Each structure stands twice: as structure tokens, then as C-alpha cells.
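# Coordinate analysis (summary)
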Amino acid sequence: MFIQLFIIFLTIIGIFFLNRSSLFKNRSQYFRIAAMSIIFLAAFIRIFRYSSIMGLNLDEAMGGYNSWSLAHYGVDSALNRNPVYLYAWGTGMNLLYPLISVPFIKLIGLSLVAYRLPMVILSIGSIFSLVVGMLMYKLPNRLILLSLATVFLSPWSIMANRWGLESNLFPIIFTFAASAFLLFLSKQANHPKQAKMYLYIFAFLIALSAYAYSNNWFMLPFFVCGIFGYLYLKKKASLKSLSAPAFLILLIIWPLLLFAKINYFSGKTFKILSLTIPKLSSSRSNSELIIGHGNIFYSISNNIFKFIKLMVTGNDHLIWNSLPQIGILYPFMFIFCIVGIVIAFKKRNDWDNFMLISLLSCFPIVMIIKINANHLNALMLPILYFEALGLYYSLKGPILKMAFTIVFSLYFVTFSFFYFHADQTLLTQGRTLTPSILGKAIRFANKSKAKKIYITCLPKGGYVIPRFYCPISPVAFNKEKPNVTFKTESNYKSYGKWYFKQPKKMSNNSVLIVKKGQKLHFRLRNRHKKDFGQYRVYY
């Protein structure tokens, strides 16, 4: 609670200084009040009960443990020192978010509070950065307000910003990069030295984003070439001035180029300049890409159809991405996105062109990567911005503007009701999610000093759950895990004293964690029991 109140306090301080700045002075009082209200609301809905509303996801548990391992031992869970990509499940995991989380976990300890906190803080920071960028670029007041509402009060961005899936960091970094690009455009004419600095910042952030989500490697080369080509053709930057930012990008991403080479072509794990370039046990393309699974033309056309269906219905059937009653976008908002795209092609200013290049660069992702909201996170900012642009040109007259304000507010309230109340069971224990109360049961069992702890209520890959709540050194884990060979590390049935199956009988020095009502194959005699919500610990 203290952390949440502190972040809210910092948000209020940020809003106060923004209101006192010269950027706000020439704007109307209505705009200032509306902008500050949206910023505060967007920040509040990200921080409020962020660690408890949604259960622990298996990928969070894996990322959190790797962050803890890097923090305390300097290696990942596979004992790689200074890895450029985490080995994780054997299919890998993006490095940047677990790395950013290291100081938070060192300070607070491994918990959902600590591991999700960087995502929340950075997402709130991205709100301020985009506001400043749009103000500096002198976008119309109403377009700024609509952009703030559609981008930061959208179910898609709210849900992505409240938990610690490492790939969800990408749209946040991309928003910071977009803000830097706006600042470059605003300074380019009268302050060329400052503009040059912002172009370097833009290039740095884009290169950094490559460490946030590997699926977006299919988008980033097209995006960088498109933006740099646009700046050159529009005579906003010379080849000489673009060469240094391009070199900066290569200077940052070269380890990832080596990683891609050994994992998508051939090679084995090696070290260079104290960095570890890991060879994964299984390529991510097996689980992420549609190519190589039948007729390629049918697969691509089917993938595009699924993308359109997701945009229209808003539901990818993953509860951590979209509530079944709402979807990733509010109902009918995608229509305004289409309107905004058409208008952007006709009216084309530099900012609209930036968004169009972002959108078109994502076409390879839509074609060949399996469709869900996580995999499409590079599309989040352009799609939500084009919603705002479509609304800006569609809402003419006070009646339509008032009607939209009321409808959008009702959408937001409805989403909040389902997210914070009605869908709680799905959000805490749906599919690969486990409720925080299970963590309390696991920690209680761990304190018993039993030689064997059996847990019979975990999803596949659930070995990462006790490892998150009761972490052990990565050296000890690698010694204690079974010596089995399989392509992904999601099938461990035990490690050390932890067993993820129902025993044939209970020995004296053992503990059992079950879900209430679960049938047991043996009788428990002379056992104490303690309940944790829907879970029961026999000890």
C-alpha cells in the first residue's frame, strides 16, 4: 500500500509541475483540467492493487526468478553469466524487463509487488513523455486529449501495463521512442543541436526495444529503414546525420544478431566480451511462427483473417490480455481506427506518417506470427492513436462530443467493474494463473522443514511457482532438477524437496498442498491441516 501511495504522490507532483510549465500556459483551462484528469486516472488505474488483482502467471514466475538470480548471483537460471537473452524455458525469454527489475528485487525481495513495479512505473512515465512530446509538437488540444484517452485508458494498454510479462515492455519503450521523435520534429527547424540529441535518444530507445521483445525483430528493421528513409527524403536529416544514429543502433544490437545467427541457423553457446550468447534448446519459431506448419499461403491468409477477427471482436481468449465482456479495444472503436488510417493517408503530417510507418512495418508480424494481443503489441500505439485521429475528425459539434464523452466514460467504468470485481476468479486462477493465496500456502509449507513437499494443484510448468515464492540459488536448482532431456523446460515433475504430483502415500516428514475437495488416493491420519483460501496444507 505504501508503494502505491508513493507512486500516486509522485504522479500528482508530476502533474503539478506539468501544469506549471510553459507547455500548459498557452492552453485553455478546460484542456488543462481534462489532460490532468486523464493523466491521473490513467496512472491510478495502473497502480491500484496491481500486485493482487491478477494471479501469478507462469511467465512472470520464470522472469521474476531469473531477475532474482541475476540480482544475487549474476547468472540466469541456466547459469549463463551476462546473457543477452535468457534461456528460461529452453525456448528463451527476453532480457530487458528482468534486467530492469533487478534493483527492485534487490531492494524489496522477490514478490509480485517488486517484479510488477517497474512495468507500472515505466508505463506511467510513458504517459508523461508522450504528453510532453505532443505538446512540444503543438498538436491540437482535442487531439491530445483524445490520444491520451484512447492510448492510456484502453483495456489493451491498461491490462498490459499492470503485470510483469516481459514482452509487454516493448510498447512502453516504443512510446518513449515516439515521444523522442516528436521532440526531434519540434526542435528540428529552430534548434538543430537539440534535435540531433533527440534523434540519438530515439535511436537508442529503438535499439533497446529489440531486447524487450524478440517477435518484433520482424518489424524493427522495416520501421528503422522507413523512418530514416522518410527523414532523408523529406530533407529533415542528411545521410551524414543519420549515419551516427544508425551506427548507434548497430552498436547496441550486435549481440542479438549473434544470438539470432546461432539459434536460427547454426552454432552453440559462446562468450564474447564477457557476454554470453546462449544457444536455446528449442527455437522460438516452433511456438511463435506459423510458417513451417503446412501450406504457407493458407497459413498466412488464415493468420490475417485471425488478426481482423481479433481487431473486430477484441477477444484473443487469453484472460490476461482481454476480458471476454470488453476485449482489447472498447466496442466499435476499431471503426474509428480505420477512419483515422484513411485520414492519415490523406492529410499526412510528420506525426501521422510516423504512425503509418509504424503500422505498415508490423505487416510481417501479422502475416507470420501467431495472433494474440501479446504478439501484436508493436501495433498497440499506432492503432490506439489512429482511433484518436478518427474520433478527432468524426466528432463534429458539441452534441457528438458530449455523447462520445459519456459513452467512453461508461466503457471505462464497465471495464473497471469487470476487471476489479466480476472477473476476479478468471484473473486469479485462469489457465496459467495462480492466486497469491497459493503463494502463502507454499511459503507456509516451506517453513515446515519437511524433506518432501507435494503440490497437486499446479498447471503444467508449475515448478516455477514454488521457485518464485521460495527461491533457491540457480546453482542448487540445476543440481536438484531431474537429469532429463526434452526440448522445453516446462515438464519438471520435481526438484529438490518439491514434487508436483500426488504421492502414493505420505511419509512422516512430508507436506501436502491440495485444492479443497480434491480426491486423495490414501487416508491422512494424525495430520495437522491449515487452510489458505481454496487450498489446504496437510503437515
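The structure this text deals with has already been given above.
Quick look at the structure, then. (Residues numbered from 1 in each chain as written. Predicted model: local features only at pLDDT ≥ 70, side-chain atom pairs only at ≥ 80, totals over all residues. Heavy atoms only, no water.)

### A few points about the overall build of the chain
As a reminder, the rule being used: The way it works is that DSSP assigns letters per residue, a run of H or I at least four long becomes a helix, a run of E at least two long becomes a strand, and they are numbered from the N terminus. For a compact globule the rule gives 2.2 Å times the number of residues to the power 0.38, and the radius of gyration it is set against comes from C-alpha atoms. The contact criterion used is simple: two residues touch if any of their non-hydrogen atoms lie within 4.5 Å. Using the Shrake-Rupley algorithm and a 1.4 Å probe, accessible areas are obtained, with residue cover drawn only from the displayed protein chains. Positive charges come from Lys and Arg alone, negative charges from Asp and Glu alone, with His and the N- and C-terminal ends not counted. Charge positions come from single atoms, namely NZ of Lys, CZ of Arg, CG of Asp or CD of Glu.
For the chain, the count of helices and strands is 24 helices and 10 strands. The C-alpha radius of gyration computed for the chain amounts to 24 Å, which stays within 12% of the reference 24 Å derived for 539 residues, consistent with globular compactness. In terms of overall dimensions, the chain has a C-alpha envelope of 80 × 55 × 50 Å along the principal axes. A sequence separation of at least 24 residues applies to 73% of the contacts in the chain between residues at least 6 apart. Total accessible area computed for the chain in this model is approximately 24,000 Å², and 64% of it derives from carbon and sulfur atoms. Across the chain, the 58 positively charged side chains and the 13 negatively charged ones have centroids separated by 4 Å.

### Side note on the side chain of His375
To keep it simple, the criterion reads: Exposure is judged per residue with a 1.4 Å probe applied to protein chains only, and the accessible area is read against the type maximum: over 50% gives exposed, under 20% gives buried, and values in between give partly exposed.
Topologically, His375 is positioned in the loop between helix H18 (363-368) and helix H19 (380-394). Note on His375: relative accessible area 10%, which makes it buried. When sequence neighbours within four positions are dropped, the list of residues in contact with His375 reads Tyr213, Asn215, Asn216, Glu288, Ile365, Ile369 and Lys370.

### Quick notes on the environment of Asn216
Following the sequence through the fold, Asn216 ends up in the loop between helix H11 (192-209) and helix H12 (220-233). In this structure Asn216 comes out as buried when scored by relative accessible area, which is 0%. Ignoring any residue separated from it by four or fewer positions in sequence, one finds Asn216 in contact with Phe170, Ile365, His375, Asn377 and Ala378.

### With respect to the packing of H12 against helix H17 (residues 350-361)
Rule in force here: The convention used is that axes are lines fitted to C-alpha atoms, helices contributing only their stretch in contact, and that angles between N-to-C directions extend from 0 to 180 degrees. Angles below 35 degrees are treated as roughly parallel, those above 145 as roughly antiparallel, those between 65 and 115 as roughly perpendicular, and all remaining angles as oblique. In a left-handed crossing the near helix is turned counterclockwise from the far helix by less than a right angle, and in a right-handed crossing that turn is clockwise. Each residue gets one label: Ala, Val, Leu, Ile, Met, Phe, Trp, Tyr, Cys and Pro are nonpolar, Asp, Glu, Lys and Arg are charged, and the others, such as Gly, are polar.
Their axes nearest at 9 Å, the elements H12 and H17 cross at an angle of 155°. In terms of axis orientation, H12 runs roughly antiparallel to H17. In the crossing of H12 with H17, the sense of the turn from one axis to the other is right-handed. Between H12 and H17, the contacting residues are Phe222, Phe223, Gly226, Ile227 and Tyr230 on the first element and Asp350, Asn353, Phe354, Ile357, Ser358 and Ser361 on the second. Here the contact of H12 with H17 is composed, by residue class, of 6 nonpolar, 4 polar and 1 charged.

### With respect to a positive patch on the surface
Basically, it comes down to this: The patches described consist of residues with a relative accessible area above 30% and no salt bridge, like charges being joined within 9 Å and nonpolar side chains (Val, Leu, Ile, Met, Phe, Trp, Tyr) within 5 Å. A carboxyl oxygen of Asp or Glu within 4 Å of a side-chain nitrogen of Lys or Arg is what we treat as a salt bridge.
Taken together, Lys346, Lys347, Lys396 and Lys401 make up a surface patch of like positive charges. Among the secondary structure elements, Lys346 is positioned in helix H16 (residues 333-347).

### Things to note about the packing of H16 against H17
How two helices sit against one another is set out by the angle between their axes and by the gap between those axes. Between H16 and H17, the least distance of the axes is 9 Å, while the angle of their chain directions is 120°. Overall, the two elements H16 and H17 adopt an arrangement that is oblique. Crossing of H16 against H17: the hand is left-handed. Here H16 contributes Ile341, Ala344 and Phe345 to the contact with H17, which in turn contributes Asp352, Leu356 and Leu359. Here the contact of H16 with H17 is built from residues that sort into 5 nonpolar, no polar and 1 charged.

### Things to note about empty space enclosed by the protein
Keep this limit in mind: Cavity means a closed set of points on a 1 Å grid over the protein atoms alone, one where a 1.4 Å probe fits but cannot get out, pocket means an open set with protein on both sides within 12 Å along at least 5 of 7 lines, and lining means a residue has an atom within 4 Å of a point. Grid points are joined across faces, edges and corners, and a volume is the space filled by probe spheres set on the points.
The final tally for this structure, using the stated rule, is 4 cavities of 30 Å³ or more. Of the pockets and cavities examined, the largest cavity occupies roughly 90 Å³. Contributing to the lining of the largest cavity are Ser126, Val151, Phe152, Ser157, Asn161, Pro171, Ile172, Thr175, Met380 and Leu381. If you list the elements that add at least two residues to the lining of the largest cavity, you get helix H8 (141-152), helix H9 (155-161), helix H10 (169-187) and H19. With 3 residues, H10 is the single largest residue contributor to the lining of the largest cavity. A per-class count over the lining of the largest cavity returns 6 nonpolar, 4 polar and no charged.

### So, a nonpolar patch on the surface
Side chains of Phe2, Phe6, Phe9, Leu10, Ile13, Phe16 and Phe17 sit close together on the surface and give an oily, nonpolar patch of about 750 Å² of accessible area. Here Leu10 is to be found in helix H1 (residues 2-20). The class for Leu10 is partly exposed, based on a relative accessible area of 41%.

### Describing the sheet that holds strand E5 (residues 452-455)
The criterion, for reference: Strand pairing requires that DSSP identify at least two bridges connecting the strands.
In spatial order, the strands read E6-E7-E5-E8-E10-E9; together these 6 strands make up an open sheet with mixed pairing. Each of the sheet's edge strands pairs with one partner strand only, and the pair in question is strand E6 (494-495) and strand E9 (529-532). Where E5 meets strand E8 (residues 510-515), 4 bridges bridge the pair, whose relative direction is parallel. By the bridge assignment, Ile455 is partnered in E8 with Ile513.

### Observations concerning the layout of surface pockets
A volume near 580 Å³ is recorded for the second largest pocket. If you go around the second largest pocket, you meet 21 residues; those closest to its centre are Tyr30, Ile38, Leu145, Phe404 and Thr405. Mapped onto the lining of the second largest pocket, the elements with two or more residues apiece are helix H3 (29-47), H8 and helix H20 (398-422). Here the residues of the lining of the second largest pocket sort into 15 nonpolar, 4 polar and 2 charged.

### A closer look at H8
Rules: Expected helix span is given by 1.5 Å per residue-to-residue step, counting one fewer step than there are residues.
In this model H8 runs 16 Å from its N-terminal to its C-terminal C-alpha over 12 residues, within 8% of the 16 Å that 1.5 Å per residue would give. Counting buried residues in H8 gives 10 out of 12 residues, a clear majority hidden from the surface. Considered for burial, the residues of H8 that qualify are Leu143, Ile144, Leu145, Leu146, Ser147, Leu148, Ala149, Thr150, Val151 and Phe152.

### Some details on the pattern of salt bridges
By the definition in use, this model includes 4 salt bridges. A salt bridge links Asp350 to Lys236; its shortest N-O distance comes to 2.9 Å. Highlighted residues: Asp350 in helix H17 and Lys236 in the loop between H12 and helix H13 (239-264), separated in sequence by 114 residues. A salt bridge links Asp531 to Lys516; the nearest nitrogen and oxygen atoms lie 3.5 Å apart.

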